[in-house]
Amino acid sequence: MNSPHYILLPVSPFFIALSFAVAFFLNFLPWGSWIGIPDFVALVLVFWTIHQPRKVGIGVAFAMGLLMDVHDSVNLGENALAYTLLSYFAIMIHRRVLWFHPLTQSLHVFPLFLFAQVVQVTVRLLVAPNAHFPGWMYFLVSIVTTALWPVATLLLLAPQKRAIDKDDTRPI
């Protein structure tokens, strides 16, 4: 049985900005040295780049990357480069990804999250000569971020869905 395809309402730019602010503040939480804490900014960035590529693109990715660079106290441009490439590749596959169910979409976005982490580690190892490889558990972040993709899809598309029951007093 096929699930119904909803015609979505236009997304509000305020809601996009609010979702980025919430993701940014979720990255602010003091997780400490826990392994596998997802990158919420990358998750929201890929989501909006896939669903609204004309409103959220490489410029927003670069700006959010610079903010994350300052927050993480890493080399200026490390996250900016990773997020910019992440946004670019998300724009490249956005039409294909939208055809699938959110669980299947997560298989398409996993390589994006993994690639962004590889870029971050590569920049860190190239810039600092005495830097050490963080270990393979570092890449658990991309797996956890991918696992949150269906939840993010449900939450971020919820304000755009029309009501199923038709009301004659509503214009749309």
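**Brief notes about the packing of aromatic side chains**
Point 1. Counting across every chain of the model gives 13 aromatic pairs.
Point 2. A centroid spacing of 6.0 Å and a plane angle of 85° characterise the contact between F15 and W48, whose relative ring orientation is edge-to-face. Remark: W48 occurs in helix α2 (residues 40-51) and F15 occurs in helix α1 (residues 13-28); sequence separation between them is 33 residues.
Point 3. Between Y138 and F139 the ring centres are 5.5 Å apart and the planes differ by 80°, which places this aromatic pair in the edge-to-face class. Residue Y138 shares its accessibility class with F139, and that shared class is buried.
Point 4. Grouping aromatic residues by their ring pairs yields a cluster made of F15, F47, W48 and W149.

**Some words on a nonpolar patch on the surface**
Point 1. A contiguous nonpolar patch, built from F14, L18 and V22 and spanning about 310 Å² of accessible area, is present on the exposed surface.
Point 2. On the secondary structure map, V22 appears in helix α1.
Point 3. Overall, the relative accessible area of 45% leaves V22 in the partly exposed class.

**Side note on the side chain of H94**
Point 1. Here H94 lies in helix α4 (residues 78-97).
Point 2. In this structure H94 comes out as buried when scored by relative accessible area, which is 15%.
Point 3. At 2.8 Å, the side chain of H94 forms a polar contact with the backbone oxygen of I91.
Point 4. The contacts of H94, once residues within four sequence positions are left out, are T49, I50 and P53.

About the criteria used
Within every chain, residues take consecutive numbers counted from 1 along the sequence as written. Local features in a predicted model are, by the rule used here, given only for residues with pLDDT of at least 70; side-chain atom pairs are given and counted only at 80 or more, and totals for whole chains, interfaces and linings are based on all residues. Each side-chain value is derived from all of the structure's non-hydrogen atoms; neither hydrogens nor water enter the calculation. Two rings from Phe, Tyr or Trp (for Trp, the six-membered ring) form a pair when their centres are within 6.5 Å of each other. A pair whose planes differ by under 30 degrees is stacked, one over 60 is edge-to-face, and the rest are tilted. Numbering of helices and strands runs from the N terminus, with a helix taken as a DSSP run of H or I at least four residues long and a strand as a DSSP run of E at least two residues long. For each residue, the accessible area found with a 1.4 Å probe, counting protein chains only, is set against the maximum for its type, and the residue is called buried under 20%, exposed over 50%, and partly exposed in between. Each patch is built from salt-bridge-free residues with over 30% relative accessible area, joining like charges within 9 Å and nonpolar side chains (Val, Leu, Ile, Met, Phe, Trp, Tyr) within 5 Å. Each accessible area is a Shrake-Rupley result for a 1.4 Å probe, and residues are judged covered by the shown protein chains and nothing else. In the sections that follow, a salt bridge refers to a side-chain nitrogen of Lys or Arg positioned within 4 Å of a carboxyl oxygen of Asp or Glu. N or O atoms closer than or at 3.5 Å make up a polar contact, with two conditions inside protein: a donor-capable atom paired with an acceptor-capable one, and, for residues adjacent in sequence, both atoms drawn from side chains. Two residues form a contact once any of their heavy atoms are found within 4.5 Å.

Scope: geometric values only; no functional claims are made or implied.
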